[in-house]
Amino acid sequence: MRTGEKLGWFKFNPTLWMVDRIYLESLELQGLYINVMGLYWVREGDLHSDMLIERYPKQRENLEYLFDNDYLELSEDGYVTIDFLEQELTAAHARIEKSKNAAKKRWRK
């Protein structure tokens, strides 16, 4: 299983996307943002800004724009934070744990 594969999906609400201020940005910025969200999810929140620059070298200016305009948060040690995905990660891990516990319970019977 690849990193992040166990999580599968995160909630994406098209209505909220279309009324969020990111929707008013260029399609290039929107695309970069959704790609960063996907990478953040797959890495389960363990995403350093250096990795983004390495992965998207031609998008350095756009990445800086996303940070400067609070679409992405950057911790003092250089790690990226996306608040709503942090909440989703917590919920996903809770779902996984609940499923594991239910499976264990069934096997014990």
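Residues numbered from 1 in each chain as written. Predicted model: local features only at pLDDT ≥ 70, side-chain atom pairs only at ≥ 80, totals over all residues. Heavy atoms only, no water.

When helices and strands are counted, the protein chain shows five helices and two strands. Seen in sequence order, the protein chain has helices and strands lined up from the N terminus as α-α-α-α-β-β-α. Here the protein chain has a C-alpha radius of gyration of 16 Å; the compact-globule value for 109 residues is 13 Å, and the former is much larger. Referenced to the eigenvectors of the C-alpha coordinate spread, the extents of the protein chain come out at roughly 55 × 30 × 25 Å. Restricting to contacts in the protein chain with at least 6 residues of sequence separation, those with at least 24 account for 68%. Carbon together with sulfur atoms contributes 51% to the accessible area of the protein chain, which is approximately 7,900 Å² in total. Across the protein chain, the mean location of the 16 positive side-chain charges is 17 Å away from that of the 19 negative side-chain charges. (Helix = DSSP H or I, 4+ residues; strand = E, 2+ residues; numbered from the N terminus. Rg over C-alpha atoms; globule rule 2.2 N^0.38 Å. Contact = heavy atoms within 4.5 Å. Areas by Shrake-Rupley, 256 points an atom, 1.4 Å probe, with all protein chains shown as cover. Lys, Arg positive; Asp, Glu negative; His and termini not counted. Charge placed at Lys NZ, Arg CZ, Asp CG, Glu CD.)

Tracing the chain through its elements places R21 in the loop between helix 1 (14-19) and helix 2 (27-42). A sequence separation of 50 residues divides R21 from Y71, and the C-alpha atoms of the two residues are 9.1 Å apart. Ignoring anything within four residues of it in the chain, the contact list for R21 reads N69, D70 and Y71. Reaching out from R21, the side chain makes a polar contact with the backbone oxygen of N69 at a distance of 2.5 Å. (Polar contact = N/O pair within 3.5 Å; in protein donor to acceptor, adjacent residues only side chain to side chain.)

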